[in-house]
Amino acid sequence: MTARPDAASPRLSRIGLGLAAVGRPAYITVGRSADLPTDRSVPALRTRAFELLDLAYAHGIRYVDAARSYGRAEEFLGQWLARRPDADVVVGSKWGYTYVGDWRMDAEVHEIKDHSLAAFERQYAETRALLGDRVAIYQVHSATLESGVLDDGRLHRALARLRDEGIRVGLTTSGPGQRDTVRKALDIQVDGVPLFGCVQATWNVLETSVGPALADAHDAGWIVIVKEAVANGRITAAGDVGGPGSPLATAASELDTTPDALAIAAALAQPWATVVLSGAVTTGQLLSNLAALDVRVQGVPALAEEPTAYWSRRAARPWR
């Protein structure tokens, strides 16, 4: 198996592939009933994940994002890597949520958050069992000030052991407090060395509040990964923001592109962005997302929402 890329300077593609929406049968993305087959069995979603990974790799994507809570995403990725052992992809994964949906569409609860030291030790062992030494970036999943994960010294020492072994330790953020979470994480050191070196945050044309903190992270030498650049499908032709007749659709049409490509291009245009994730569920969506690489952003309609309103709306989205 190909050795893990150097965590100090991994070779990352500008667009990465996130597996959140294809590692489990239910998720909060727009249009899943049309995008996925009625058969959402494990074999069916494994096949879809392989199709996306094959296409992504063929088009130069070299960063793939998974998590313990993404159902079988790590398993699918590990199986794909076993088929393509020489694939020079950088693998990132996350711990802190446990998938409890039991592969059911109607599960009352799909994932449970736990940022304890015990959860980290258990989930990191699970990740290593599935992905071996391919993990180059390992992140706290949805760190917040309220969870206490940024105040747990024993946990920080455990994470520092990964850092010292050559894994880039990071965190992902969610919620209206993303900016404060990133700035607190920037100050955390273990043995006089910064603990974190990567952040994965939600930034899109509707939710821009974390931008200044991501600029600080970039200036500190961190890898900055943008997630939810199309707001779980809201900023696409099928969503409420990018649909026909919307200001974003008009702006995209003027550039001869699609709303999703324009939204991703807007994220790529941020000087602090290292990687922008595609959460595509179909090969067509992935190709449309990749078109962002050829879009020269000349201006995007002012669409930013108040952060609390944006996150309240996201929290209300049903698992489909």
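Quick caveat: nothing in here was measured; it's all calculated off a predicted structure. (Residues numbered from 1 in each chain as written. Predicted model: local features only at pLDDT ≥ 70, side-chain atom pairs only at ≥ 80, totals over all residues. Heavy atoms only, no water.)

Trainee: Got a minute to help me understand the overall build of the protein chain in this structure?
Mentor: In terms of regular secondary structure, the protein chain is built from eleven helices and twelve strands. Over its C-alpha trace the protein chain gives a radius of gyration of 18 Å, about what one expects of a compact globule, namely 20 Å for 320 residues. The dimensions of the protein chain, computed from C-alpha atoms along their principal axes, are 55 × 40 × 40 Å. The contacts in the protein chain between residues at least 6 apart in sequence include a share of 80% that link residues at least 24 apart. Counting every atom, the protein chain has about 12800 Å² of accessible surface; 50% of that belongs to carbon and sulfur. (Helix = DSSP H or I, 4+ residues; strand = E, 2+ residues; numbered from the N terminus. Rg over C-alpha atoms; globule rule 2.2 N^0.38 Å. Contact = heavy atoms within 4.5 Å. Areas by Shrake-Rupley, 256 points an atom, 1.4 Å probe, with all protein chains shown as cover.)

Trainee: Would you explain unusual backbone geometry in this entry?
Mentor: The phi angle of most residues is negative, glycine excepted, and most peptide bonds adopt the trans form. We note that Glu-228 has phi near 55 degrees; this positive angle belongs to a residue other than glycine. When you line up the elements, Glu-228 lands in the loop between strand 11 (223–227) and helix 8 (247–254). Not every positive phi belongs to a glycine, and Ala-231 is a case in point at roughly 55 degrees. By secondary structure assignment, the location of Ala-231 is in the loop between strand 11 and helix 8. On the basis of relative accessible area, Ala-231 is assigned to the buried category, the value being 2%. (Buried < 20%, exposed > 50% of the residue type's maximum accessible area, 1.4 Å probe, protein only.)

Trainee: What is the right way to look at a nonpolar patch on the surface in this model?
Mentor: A cluster of nonpolar side chains, Val-100, Val-109 and Ile-112, forms an exposed patch at the surface whose accessible area comes to about 230 Å². With respect to the secondary-structure elements, Ile-112 resides in strand 5 (residues 111–113). For Ile-112, a relative accessible area of 45% corresponds to the partly exposed category. (Patch = residues over 30% accessible without salt bridge, like charges linked within 9 Å, V, L, I, M, F, W, Y side chains within 5 Å. Salt bridge = Lys/Arg side-chain N within 4 Å of Asp/Glu carboxyl O.)

Trainee: Would you explain the packing of helix 2 (residues 42–58) against helix 3 (residues 73–83) in this entry?
Mentor: When two helices pack together, their arrangement is captured by the angle between the axes and the distance separating the axes. At a closest axis distance of 10 Å, the pairing of helix 2 and helix 3 adopts a crossing angle of 55 degrees. The orientation of helix 2 with respect to helix 3, classified from their angle, is oblique. The crossing of helix 2 and helix 3 is right-handed. Along the contact surface, helix 2 presents Val-42, Leu-45, Arg-46, Ala-49, Phe-50, Leu-53, Asp-54 and Tyr-57, while helix 3 presents Glu-75, Phe-76, Leu-77, Gln-79, Trp-80 and Arg-83. Looking at the contact of helix 2 with helix 3 residue by residue, the classes come out as nine nonpolar, one polar and four charged. (Axes fitted to C-alpha atoms, helices over the stretch in contact; angles between N-to-C directions. Parallel < 35°, antiparallel > 145°, perpendicular 65-115°, else oblique. Left-handed = near helix turned anticlockwise from the far one by under 90°. Nonpolar A, V, L, I, M, F, W, Y, C, P; charged D, E, K, R; others polar.)

Trainee: When you look at the side chain of Ser-288 in this model, what are you seeing that I'm missing?
Mentor: Tracing the backbone through its elements, the reader meets Ser-288 in helix 10 (residues 283–290). Among the polar contacts made by the side chain of Ser-288, one reaches the side chain of Thr-258 at a distance of 3.0 Å. Apart from the residues lying within four places of it in its own chain, the contact partners of Ser-288 are Thr-258, Asp-260 and Ala-261. (Polar contact = N/O pair within 3.5 Å; in protein donor to acceptor, adjacent residues only side chain to side chain.)

Trainee: I keep staring at helix 2 and nothing clicks. Help me out?
Mentor: Think of an α-helix as 3.6 residues a turn; residues three or four steps apart then line up on the same face. Between its first and last C-alpha, helix 2 extends 24 Å over 17 residues, near the 24 Å set by a 1.5 Å rise per residue. Looking at helix 2, one finds that the buried residues are Val-42, Ala-44, Leu-45, Arg-48, Ala-49, Phe-50, Leu-52, Leu-53, Leu-55, Ala-56 and Tyr-57. In this structure, the buried side of helix 2 is in contact with strand 1 (15–18), helix 1 (32–35), strand 2 (63–65), helix 3 and helix 10. Positive backbone phi, approximately 90 degrees, marks Gly-60, located one or two places after helix 2. (Expected span 1.5 Å × (residues − 1).)

Trainee: Looking at this structure, how should I read the pairing of strand 6 (residues 135–143)?
Mentor: Side-chain positions along a regular strand alternate between the two faces of the sheet. With nine of nine residues buried, strand 6 lies mostly within the body of the structure. Taken together, the five bridges between strand 3 (residues 90–95) and strand 6 define a ladder with parallel strand orientation. Of the residues in strand 6, the one forming a bridge with Val-91 is Val-135. As judged from the five bridges shared by strand 6 and strand 7 (residues 168–173), these two strands associate in the parallel manner. Note on strand 7: the bridge partner recorded for Ala-143 is Thr-173. (Pairing = 2+ DSSP bridges.)

Trainee: Explanation requested: the sheet that holds strand 1 in the structure shown.
Mentor: An order of 1-2-3-6-7-10-11-12 is seen for the eight strands of this closed barrel, with the pairing classed as parallel. For this sheet, the mean inter-axis angle between neighbouring strands, taken without regard to orientation, is 25 degrees. Pairing between strand 7 and strand 10 (residues 198–202): three bridges, direction parallel. Among the inter-strand pairings, Leu-171 is bridged to a residue of strand 10, identified as Val-199. Lying on the sheet, helix 6 (residues 178–186) is in contact with strand 6, strand 7 and strand 10; it crosses strand 7 at an angle near 160 degrees.

Trainee: Quick question: what am I supposed to make of empty space enclosed by the protein here?
Mentor: For the structure on display, the rule yields one cavity of 30 Å³ or more. Taken as a whole, the largest cavity encloses approximately 30 Å³ of empty space. As for the largest cavity, its lining consists of Ala-231, Asn-232, Arg-234, Tyr-310, Arg-313, Arg-314 and Arg-317. Looking at side-chain class alone, the lining of the largest cavity contains two nonpolar, one polar and four charged residues. (1 Å grid on protein atoms, 1.4 Å probe; cavity = no way out; pocket = protein on both sides within 12 Å on 5 of 7 lines; lining within 4 Å. Points joined across faces, edges and corners; volume = space filled by probe spheres on them.)

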